[in-house]
Structure formats: structure tokens, C-alpha cells
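Structural overview
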Amino acid sequence: MVTSAVVIVCLSCFLTLVPPAEADCLAGWMHFNDSCYSFVAKQVAWNEAQHACYIKGGSLVIINSQEEDDFLHRHLQQERRYFYGYDFWVGGKEIPGTDFWEWVDGTLFSQTFTAWATGRPVTGGRAKCLEFEADMNSEWNDDYCDDLDFYICERAFEFLTPSPPPIVG
């Protein structure tokens, strides 16, 4: 009887110390590298999308690498039955009065990864917000900020250290 109790305690300890990786993303969010992502199927303007992401503890997605860009595109492709034909806001915006772009955290595009579609952004145009354009195979496109698009939120993935198991004695 004592032996089986020890096995149960040890099994419980193991399960407590090795939580599933998805456990620290909110329900409905996907984990990739150091972030959690939410693909929101609600059409809103860019500012409203950014505000909605902020309320959820994040921001519109900031794309830092080709790997992250590929992840986002793969997910949109896998879920095309829901997302086909829809544009998605992401976290880039032109700095007012300039032809320079920045992410929502203030990082300039010139200092980071970018993947603009051919001929984009249009210099001097009125389109000032970044989207994945459905008609352009979800490539990066500059669009009017008050257009209504779906959006992608990103928030930090926080691996929570589990509490130590109770001492049985």
C-alpha cells in the first residue's frame, strides 16, 4: 500500500512539473516561439483592432522574422475555410507626415524584417496601415486605416513555473 502511494505521488509530481506548452496561452490563442496569437474573425478598422488586442493584453502582431511570417501564413492557409477572401490587420503603420513605417511598439521597419508585396508600400499614398491582403495571397499591403479587416493579435507567451508539489508525510 505504501509503494502505490509513493508511485501516485511521484506521478503527480511529474505531471505538475511538466505542464503542456499550450497551457499558458489563453483559450483560443495559438502558441509559436515566444508569443501567443489570436486570429480574430471580426471586421474592424485598424485602430479598433489595435485597441481590442490591447484589452486582451497584447497588440496587433509585430512580425519579427521570416519564420514568424511563414507561421502566420500557414495558419491562414490551414484555416482558409474561415478566413478565405478576408484581409487581416497586422501591427504596422506609417508615421504621420513621413514615408517611414513603424510597428506598434515604435520599432522602425528599417530596423526589422519586412516582406512587402511587390510595389508596396505606395509612397505618398493615403494608405497608412499594414495588412495581409487576401487578393495578393496574403502578402504585406498598405491599406486605408478605416477599412474593415479581420486582425491578428499577439501577446507574450509566459511560461509559468508550477508550484512545487505538496509534501506528503
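Structural data are supplied above this passage.
Summarised in this report is the structure supplied together with it. (Residues numbered from 1 in each chain as written. Predicted model: local features only at pLDDT ≥ 70, side-chain atom pairs only at ≥ 80, totals over all residues. Heavy atoms only, no water.)

All right, on to the overall build of the protein then. Within the protein, the regular secondary structure consists of 4 helices and 8 strands. Listing every helix and strand of the protein by position from the N terminus yields α-β-β-α-β-α-α-β-β-β-β-β. In the protein, which comprises 169 residues, the share counted as buried stands at 37%. A fraction of 68% describes how many contacts in the protein between residues 6 or more apart in sequence connect residues 24 or more apart. Carbon and sulfur atoms make up 57% of the accessible area of the protein, which totals about 10200 Å². (Helix = DSSP H or I, 4+ residues; strand = E, 2+ residues; numbered from the N terminus. Buried < 20%, exposed > 50% of the residue type's maximum accessible area, 1.4 Å probe, protein only. Contact = heavy atoms within 4.5 Å. Areas by Shrake-Rupley, 256 points an atom, 1.4 Å probe, with all protein chains shown as cover.)

Taken as a whole, the largest pocket spans an internal volume of roughly 290 Å³. Residue lining of the largest pocket: 13 residues in total, with Gln77, Tyr84, Ala134, Asn137 and Ser138 positioned closest to the centre. Looking at the lining of the largest pocket, the elements that each hand over two or more residues are α3 (66-78) and α4 (80-83). In terms of residue class, the lining of the largest pocket is made up of 6 nonpolar, 5 polar and 2 charged. (1 Å grid on protein atoms, 1.4 Å probe; cavity = no way out; pocket = protein on both sides within 12 Å on 5 of 7 lines; lining within 4 Å. Points joined across faces, edges and corners; volume = space filled by probe spheres on them. Nonpolar A, V, L, I, M, F, W, Y, C, P; charged D, E, K, R; others polar.)

Under the definition given, this model contains 16 aromatic pairs. Look at tyrosine 86 and phenylalanine 150: their rings are 4.1 Å apart centre to centre, the planes differ by 10°, and that puts the pair in the stacked class. Highlighted residues: tyrosine 86 in the loop between α4 and β4 (88-94) and phenylalanine 150 in strand β8 (residues 149-156), separated in sequence by 64 residues. Within the aromatic cluster, the residues linked to one another by ring pairs are Phe39, Tyr82, Phe83, Tyr86, Phe88 and Phe150. The positively charged end of arginine 155 is found above the aromatic ring belonging to tryptophan 29, 5.8 Å away from the centroid. (Phe/Tyr/Trp six-rings, centres within 6.5 Å; stacked < 30°, edge-to-face > 60°. Lys NZ or Arg CZ within 6 Å of the ring centre and 35° of its normal.)

Here the focus is helix α2 (residues 46-55). Among the residues making up α2, those that are buried are Trp46, Ala49, Gln50, Ala52 and Cys53. Projection of α2 onto a plane perpendicular to its axis shows the buried side chains occupying an angular sector of 160°, all on one side. With respect to the buried face of α2, the exposed residues turned more than 90 degrees away are Tyr54 and Ile55. Where α2 is buried, its residues contact β2 (35-44), β3 (59-60), β4, β6 (129-133) and β8. Once α2 finishes, glycine 57 follows within two positions and takes phi at roughly 90°, a positive value. (Arc of directions from axis to C-beta.)

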